[in-house]
Amino acid sequence: MAEADQTIDGNLLAAKSLAHFGVEHMFGVVGIPVTSFANRAVSLGIRFIAFHNEQSAGYAASAFGYLTHRPGVLLTVSGPGCVHGLAGLSNAMINSWPMVLISGSCDQNDVGRGDFQELDQIEAVKPFSKFSIKAKRVSEIPNAVAQVLHWSASGRPGGCYLDLPSDLLHQTVTIAEAEKLLSAAETFFINATPETHVSGVEKTVSLLRNAKRPLIVFGKGAAYARAENELKKLVESTGIPFLPTPMGKGLISDTHELAATAARSLAIGKCDVAFVIGARLNWLLHFGEPPKWSKDVVFILVDISEEEIELRKKSVNVGAGLAGDAKCVLESVNKAIKDEPFCLGKSHPWVEELKKKVKDNVVRLEAQLARDVVPFNFYTPLRIIRDAILAVGSPAPVVVSEGANTMDVGRAVLVQTEPRTRLDAGTWGTMGVGLGYCIAAAVASPERLVVAVEGDSGFGFSAMEVETLVRYQLSVVVIVFNNGGVYGGDRRSPEEIDGPHKHDPAPTSFVPGAAYHTLIEAFGGKGYLVGTPEELKSALSESFSARKPAVINVIIDPYAGSESGRLQHKN
Ligand code: ADP
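Conventions adopted
Residues numbered from 1 in each chain as written. Predicted model: local features only at pLDDT ≥ 70, side-chain atom pairs only at ≥ 80, totals over all residues. Heavy atoms only, no water. Helix = DSSP H or I, 4+ residues; strand = E, 2+ residues; numbered from the N terminus. Buried < 20%, exposed > 50% of the residue type's maximum accessible area, 1.4 Å probe, protein only. Contact = heavy atoms within 4.5 Å. Areas by Shrake-Rupley, 256 points an atom, 1.4 Å probe, with all protein chains shown as cover. Lys, Arg positive; Asp, Glu negative; His and termini not counted. Charge placed at Lys NZ, Arg CZ, Asp CG, Glu CD. Polar contact = N/O pair within 3.5 Å; in protein donor to acceptor, adjacent residues only side chain to side chain. Phe/Tyr/Trp six-rings, centres within 6.5 Å; stacked < 30°, edge-to-face > 60°. Lys NZ or Arg CZ within 6 Å of the ring centre and 35° of its normal.

### Description of the overall build of the protein
Scanning the protein from N- to C-terminus turns up 22 helices and 19 strands. Residue burial in the protein is summarised as follows: out of 571 residues, 56% are buried. Of all intrachain contacts in the protein linking residues separated by at least 6 positions in sequence, the fraction that spans at least 24 positions is 76%. Summed over its atoms, the accessible surface of the protein is roughly 23,200 Å², and 54% of this surface lies on carbon and sulfur atoms. Across the protein, the 55 positively charged side chains and the 62 negatively charged ones have centroids separated by 7 Å.

As structure tokens, this is what we get:
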């Protein structure tokens, strides 16, 4: 038989479609009906990172999309596998990251009869995806793959879903037919190219030029757009101070002289024009409203999503809204500024005021950090970790951060010098993302060390994935801040401890002194238990140089942090 007349099944066609449209990595958990699909993908050169739990794999796929600017792909089994995968899909949606969830589903002939792991998955993913599609015949697979990959990355990035029923994975097409289907799907698969025409540039430049206290704010949308060079040019040509959001940190180094991070309250409280690039005016930026912001502040908003800009116009004064890719928009803004340059200069009163505040706050923080407090508070170990990370140099490690106090204090203490080197709980404040994000970062950037700094609660969500770290020998060091539970264990007042279950552990507490470091040792990784500065320094030095999977269990005083970290008023 001629090769073109030979047949391939849906599993191979799905794998070929992914490879054809440039997918090089997949995260997931295999089982009925997708195991053969995963194996076929691997045989075609796609790296499959196999997890223990789809939730973690989904978080990995979402962060992978952000870090690589290409859709992260998660593969799950039907029913419960798909449901577990919703965690990652929703996380991608809420953070505006490109991701595709592909789930096997039950045989189409058995729908409605209680088939194995049956679920109407198209209905289930609806609230968590921007586009979903079910391939109903094997011949529809290439086009469906092209569509989900395209839609996840086009416009505002987000999560898309592809449903592959099990019967279709066993249907066949000839190789000749498969080739035809793949090239036909190409016509649909348009690369998400950012538009070049941007309106509102002149208004933007005029607002910035006439502002008395301008501020540039940027977030993970600007990071996703790879706008770092344009941002730096903007800041340095205009002399305007800048404030990154937590994941915007590093687009311009935290150590830059115009960084206003250490004077955040003053910067947002007093600026009269805020140029906000790839960051939503949501809870993280206090909705752009008083009392944190001045009531007279004028916003200039850059966002890939026109709807986002329109939404904010309802509650804040938007002087200019520039819908488009942050990198392209800033190129146009920089060009317009170059034609008629202006610069605040070092002695501008606003720049001086901010610099003074930054200096005062840094001196205060450094004084707090300088003390070696044992048993550890949050500051002492974070200082030691900060210094160890900075000592690594370039390429800078990717820092993954989650937890209440660990993340809040860590955000102020840990320093980001390079773009996209901070991943944290993000827009949703999602806890449990840590291990998935570590794996995504290590796979996306094998040249970088990955350092997770997380609370024991955050770690516990997906601690079994330390086995995944060891299995793939990823260059990840997980530092667990162990204070015996959520916020630090049992913090109830005597009147809160009553009722028939008063002898149960508090809802916030875990086993005190848990030996988290031994988890990784069970799989052949390296574990460290530390409680003093010397022990921590030695563990960091050894594990950072080894570049092998390790867990450092840092014992923290359970009374050191505050309940709910920085968000006490919300609990
Ligand atoms: P942060 O958490 O850093 O404040 P957000 O997730 O709130 O950031 O906001 C990021 C914004 O960036 C989203 O509104 C998203 O639509 C937008 N965005 C995503 N990609 C781009 C891009 N390429 N250019 C400009 N904006 C983008």
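### Some details on the environment of arginine 209
Looking at where arginine 209 falls in the secondary structure, it is placed in helix α9 (residues 201-210). Among all residues touching arginine 209, those that are not within four sequence positions of it are Glu340, Pro341 and Phe342. Of the polar contacts made by the side chain of arginine 209, one reaches the backbone oxygen of glutamate 340; its length is 2.8 Å.

### Structural notes on the packing of aromatic side chains
Within a pair of aromatic rings, the relevant descriptors are the distance that separates the centres and the angle that separates the planes. The tally for this structure, following the rule as stated, stands at 9 aromatic pairs. Aromatic side chains tyrosine 66 and tryptophan 97 sit 4.9 Å apart centroid to centroid with 20° between the ring planes, which places their arrangement in the stacked category. With a gap of 31 residues between them, tyrosine 66 in helix α3 (residues 54-68) and tryptophan 97 in the loop between α4 (80-95) and β5 (99-105) connect regions that are remote in the sequence. Pairing phenylalanine 378 with phenylalanine 481 gives two aromatic rings, centres 6.0 Å apart and planes at 25°, and the pair type is stacked. Within this pair, whereas phenylalanine 378 is found in the loop between α15 (349-370) and α16 (379-392), its partner phenylalanine 481 is found in strand β17 (residues 476-482), the two being separated by 103 residues in sequence. We note that phenylalanine 378, like phenylalanine 481, is buried. The lysine or arginine in question, lysine 526, covers the ring of tyrosine 528, its NZ or CZ lying 5.4 Å from the ring centre.

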